[in-house]
Each structure stands twice: as structure tokens, then as C-alpha cells.
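Structural description and commentary
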Amino acid sequence: MIFVIICYLESIVKIINGKVMKIFKSISSIVLVVSVSLSSIVFADNSRKLAVDEKQTTQHSTKVNGEKFKYSATTGTQPVWDKEGNPTASLFYTYYQRTDIKDNSKRPLLISFNGGPGSASVWMHVAYTGPKVLNVDDEGYPLQPYGVKTNPYSILDVADIVFVNPVNTGYSRVLPNKEGKMPSREEQKKMFFGVNADVKYLADWITTFVSRNNRWRSPKYLIGESYGTTRVSGLSLELQQRQWMYINGVILVSPTDIGIKREGPVKAANRLPYFAAAAWHHKALPAQYQSKDLDELLPEIETFTLNEYIPALAKGGFISSDEKQKIAEQVALYSGLSVEAVLANNLDVNNRFFWKELLRSRKQTIGRLDSRYLGIDKKVAGSSPDYNAELTSWLHSFTPAINYYLREELNYKTDIKYNMFGSVHPWDRSNNNTGENLRLAMAQNPYLNVMIQSGYYDGATNYFDAKYTMWQLDPSGQMRERLSFKGYRSGHMMYLRHEDLQLANQDIRHFIKKTLPAKGQAAKY
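So, here's what we can say about the structure. (Residues numbered from 1 in each chain as written. Predicted model: local features only at pLDDT ≥ 70, side-chain atom pairs only at ≥ 80, totals over all residues. Heavy atoms only, no water.)

Concerning the overall build of the chain
Under the convention used in this document: By definition, any uninterrupted DSSP run of H or I lasting at least four residues is a helix, any uninterrupted run of E lasting at least two residues is a strand, and each is numbered from the N terminus. When accessible area is computed with a 1.4 Å probe and restricted to protein chains, residues below 20% of their type maximum are described as buried, those above 50% as exposed, and intermediate ones as partly exposed. In this description, contact between two residues means that some pair of their heavy atoms is separated by no more than 4.5 Å. Working convention for charge: Lys and Arg count positive, Asp and Glu count negative, and His plus the chain ends are omitted. Note that the charge is assigned to NZ on lysines, CZ on arginines, CG on aspartates and CD on glutamates.
Tallying secondary structure elements over the chain gives 17 helices and 14 strands in all. Projecting the C-alpha coordinates of the chain onto the three principal axes gives extents of approximately 105 × 65 × 50 Å. The buried share among the 525 residues of the chain stands at 54%. Contacts in the chain between residues at least 24 apart in sequence constitute 72% of all its contacts with a sequence separation of at least 6. If you average the places of the 64 positive and of the 51 negative side-chain charges in the chain, the two averages end up 6 Å apart.

A closer look at the pattern of salt bridges
Basically, it comes down to this: By definition, a salt bridge exists where a carboxyl oxygen of Asp or Glu is found within 4 Å of a side-chain nitrogen of Lys or Arg.
Applying the stated criterion across every chain yields a total of 26 salt bridges. Among the salt bridges present, the one from Arg509 reaches Asp157, with a minimum N-O distance of 3.1 Å. One end of the pair, Arg509, is in helix α17 (residues 498–515); the other, Asp157, is in the loop between β6 (148–150) and β7 (160–164), with 352 residues separating them in the sequence. Summarising the burial analysis for this pair, Arg509 and Asp157 share the class buried. When the shortest N-O distance is used, the salt bridge between Arg215 and Asp160 registers 2.8 Å. Of this pair, Arg215 sits in the loop between α5 (195–212) and β9 (220–225) while Asp160 sits in strand β7, and the two are 55 residues apart along the sequence.

Focus on α5
Helical geometry: 3.6 residues make up each α-helical turn, so side chains three or four residues apart lie on a common side. Basically, it comes down to this: In a helix, the anticipated span is given by 1.5 Å times the number of residues less one.
Over its 18 residues, α5 runs 26 Å from end to end, which matches the ideal 26 Å to within 8%, given 1.5 Å per residue. Along α5, 13 of the 18 residues are buried, which leaves the element largely enclosed by surrounding structure.

With respect to unusual backbone geometry
The linkage connecting Gly116 with the following residue, Pro117, adopts the cis geometry, with an omega of -5°. Looking at the secondary structure, you find Pro117 in the loop between β4 (109–113) and α3 (122–125). In this structure, Asn65 is a non-glycine residue whose phi angle is positive, near 50°. Mapped onto the secondary structure, Asn65 falls in the loop between β1 (54–64) and β2 (67–81). Residue class for Asn65 comes out partly exposed when judged on its relative accessible area of 43%. With phi around 60°, Lys363 is a residue other than glycine that occupies positive phi space. Of note, Lys363 is situated in the loop between α13 (351–357) and β11 (365–366).

Notes on the pairing of β1
Here is the rule: Only strands that DSSP links by at least two bridges are regarded as paired with each other.
Two elements, β1 and β2, share 11 bridges in a ladder whose sense is antiparallel. From the neighbouring strand, Glu54 faces β2, where its bridge partner is Thr77. Between β1 and the antiparallel strand that follows it, β2, lie two residues; Asn65 among them carries a positive phi value of about 50°.

The structure is reproduced here in C-alpha cells:
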């Protein structure tokens with residue numbers, strides 16, 4: 001079309017010899033306008049649209065714990081449907097399956113979620129249990145070139161894994177309704193963005209996935225990190241009661257409170273063992289405590305927290321001056337802070353103050369999710385760090401790695417942005433009974449076991465809170481043998497430290513093997 005117009009206008013130029021330059025300028029203007037118009041027409045259908053239901057598979061091989069084997073990696077999208085069967089969203093997932101296993105009826109399936117809420121599955125996908133891990137140093141700090149390498153400790157040797165991205169995370173997105181319009185924000189919140197809505201639609205999605213991939217007979221495990229622990233705790237009962245799908249195990253990595261309240265004196269005092277661990281790591285404790293190994297030091301501080309610190313805080317403003325001074329002195333010794341700082345906070349030292357105060361004399365702050373990481377602020381003064389030192393470090397390596405890996409190694413190509421953190425807020429946190437739901441699921445299902453994994457240097461979901469949650473989960477104490485705790489000398493994502501990558505995966509491997517029922521072992525009390 002452009003060619004025809006140009007030819008026509010050029011003929012005019014030839015006829016009107018005296019006005020060549022003037023007409024030539026007109027030609028240029030017309031061609032430019034037509035070109036712009038045609039460009040918009042040509043590319044109008046080249047928008048970034050999510051494929052609602054598609055998948056593709058690539059073949060790979062790896063070596064885990066000295067064992068070589070082949071596996072497939074399936075990347076794709078699978079819809080979420082409403083009651084009328086209309087797709088309302090599509091979730092992006094990555095599914096790894098050993099291809100040398102002929103009978104998958106005994107082959108465990110691990111269903112993996114990260115947290116946020118609003119976080120993609122990237123974190124555990126390319127740093128923990130999957131067949132590839134980030135190119136980082138042995139402590140988890142970024143290295144260039146960014147990318148991934150073989151994970152020699154992946155649990156793929158003992159279980160197949162599917163990494164699921166909830167709505168608006170990764171490549172997962174809300175879809176237009178049957179009228180072609182996007183649901184309102186309030187409608188989306190009711191469908192997806194809340195404790196119970198999240199659990200409900202994901203249970204439906206999991207059931208479809210299990211059916212499509214012929215995994216109904218397989219032993220099944222749920223693993224969640226951070227807010228993902230709230231998610232999988234709720235799913236354990238939702239799957240049983242509404243989908244009639246029974247789970248063998250739930251793994252809670254750096255757990256939230258899962259609806260089990262930790263308030264007042266308990267909330268304040270439970271921070272102290274974490275404070276001590278972080279201070280110990282940075283060699284900020286008095287010599288009498290710094291000289292001890294962490295495994296020796298922490299039980300002592302946990303005992304003090306339960307037997308002395310919580311009762312002291314419970315007395316509030318009516319605690320005696322002598323007792324307040326005594327407790328402040330001991331908290332200071334265990335935390336690496338000054339007695340003055342502890343007293344100035346009425347014995348209740350909050351996290352943000354601790355992250356700013358511990359290394360103030362060194363003009364450094366410490367990280368929130370992993371307090372091994374150091375930051376520098378504009379001012380030494382203040383009561384809170386300027387930024388989270390660990391998160392900026394992690395995004396250095398995770399963002400390029402997942403985009404490279406999905407596109408260039410797993411051959412999943414799209415122009416849709418991979419949301420490391422998606423738009424899911426405001427999140428409806430009402431009626432969070434996920435901890436009680438997990439307890440009830442365990443009571444109803446004698447096969448169901450729970451393992452908690454926590455990093456000692458995690459200041460966001462601290463390890464002693466995780467222990468407290470485990471203790472409160474089953475007040476009867478009748479299921480305590482089916483609950484276990486594992487601690488690591490790292491932070492929220494303990495697996496970023498090479499030593500803990502190996503240890504934490506081995507703990508999952510052992511947990512799965514231990515919780516697979518023996519032949520003929522019935523699910524009964």
C-alpha cells in the first residue's frame with residue numbers, strides 16, 4: 001500500500017517539474033503518516049496475552065548424590081475455572097519428573113509454593129529443591145555472570161516436583177470474564193486475594209493438575225515457604241475435605257504464625273533467641289557467650305526466654321525496678337545490645353531497632369530476612385535501616401536467573417513480564433484458621449506428618465516463633481511424634497548457604513522416605 005502511494009506521488013513530481021522540492025516534502029510527510037498508521041495496524045494483534053492452557057516439555061539429565069538419571073521439565077499454564085466452567089485465571093507452573101520411573105504410583109509428588117503473599121515460585125525453584133540452583137557463592141551472595149548450575153542435592157532423585165505460581169505471580173494472570181472485561185479489583189480479591197480464597201482456588205487447581213498428570217495414586221507432599229506455609233497448612237484440610245485428596249506430609253519452610261497467635265509478652269520475648277543468633281554470627285556478644293558454639297548457646301537462651309523473660313514482660317509496668325534491671329542486663333548480654341538500649345525500650349526490643357542498633361558502632365545495619373547480610377545507611381542515627389540488605393542482594397541474582405532459565409534452558413518464551421512480586425494487595429487476612437486446619441487434617445489422616453525448617457538468622461519469621469507454633473499446633477500432645485523441627489545457620493532462605501542447601505535437602509529427603517508408609521501399613525490409630 002505504501003509502495004502504491006509513493007509511486008503515485010512520484011508521478012506528480014515528474015509532471016510538475018517546477019515544484020519538485022515542495023511536493024517531495026509533502027511526499028515525505030504523507031509516507032510518514034501512512035507508515036505510522038500501518039505500523040499500529042500491523043502490530044495491533046501482537047499484544048502480550050497469556051496462553052490460557054498450554055504446555056511444552058524438554059528433556060534433561062542430572063546427577064544427584066552421585067546418581068545419574070534423566071528427567072523431563074514441563075512448563076506451561078493451566079486454568080482456574082469458575083462454577084460455570086469459565087476460565088478466570090491461568091497459573092504458570094514448572095513440573096519436573098524423572099523419566100526412568102515406569103510406575104509412579106509409589107513415586108512421591110511434591111507440590112511447591114512460595115509466599116508473600118504475592119511472591120512467585122522462583123525462590124525454592126532455582127535455589128532449593130529443583131534440579132538447578134543459582135550461580136552464587138557458598139554463602140549465597142551474587143556472582144556474575146548470572147545464571148544457574150546443576151543442583152547436586154536436589155530432591156528430584158526421590159520425588160517429582162511441581163512449582164506453582166499463584167495468580168499475578170510469575171507468568172500467572174487474572175483473565176477477562178466471558179464478556180471480555182477484566183474483573184474489578186474487589187471481584188479479584190474475592191476470587192483470589194485472601195487467606196481462604198487463595199486456598200480454595202489452589203485446591204481446585206491442584207486437583208486438575210493431579211488428574212491431568214495421572215498422579216492420584218502417588219504419595220503427595222506440600223511444601224510452602226514463608227506465607228506459603230499459611231497456604232499449604234490451609235490446603236492440607238481443603239484438599240482432604242473438598243477434594244478428597246489426602247496428603248502424606250507438609251513441609252513448612254520459615255513459617256508464619258499460620259493463624260496461631262503470638263501476641264504481647266510472647267511476641268516480644270520470642271525474638272531474643274534470634275537476636276542472640278544474629279549477634280553471635282557478627283561476633284557481637286560478650287566473650288563468655290561468643291566462645292560457645294551456637295548449638296550450645298541457643299538452648300540456654302530459649303530456657304531463659306520461657307522461664308524468665310516472658311514472665312517478666314507479663315508484669316508490664318508493675319515489674320519491680322530490681323527485676324527489670326536484672327532482666328535488662330541479661331537480655332543485653334544475650335542480644336549484644338547495651339543495657340541502656342534494652343531499658344529504653346522497656347525490655348521490649350523490636351526487630352527494626354535491633355537491625356539498626358546491633359552494629360551501629362561499625363556503621364552497618366543487618367538484614368531482615370537474613371541477618372548475615374550487611375547494609376550501610378545514609379545516617380548512623382535512627383531507629384530503623386534504610387533498606388533490607390538481603391533482599392537487594394537476592395534480586396541481583398534471582399531475577400536474571402529465572403528469566404534466563406525459563407527462556408533459554410526450558411524454552412518457555414513469552415513477552416509477559418515474570419512477576420517476582422505480583423499485585424495481590426490488599427490481601428484479606430480475616431478468618432485465618434490455617435494452623436487449626438492443619439491440626440485437624442493431621443487428626444483425620446494418620447499418614448500426615450509435618451516438618452518445620454527455619455534459619456537461625458531469619459528476623460522476619462524467626463526460628464523460635466516457629467518452634468512456638470509447633471508446640472501450640474496440637475495442644476493434646478498426641479501427635480507430637482509426627483511433628484519435627486530442623487534449624488540451620490542461615491536465614492529465611494536457608495538453602496542459599498551451600499552447606500545448608502545440602503543439609504536442608506537431605507532433611508526433606510529423609511522426611512519423605514520416613515513418612516512413606518510401609519507395605520501393608522494402614523492409615524489407622
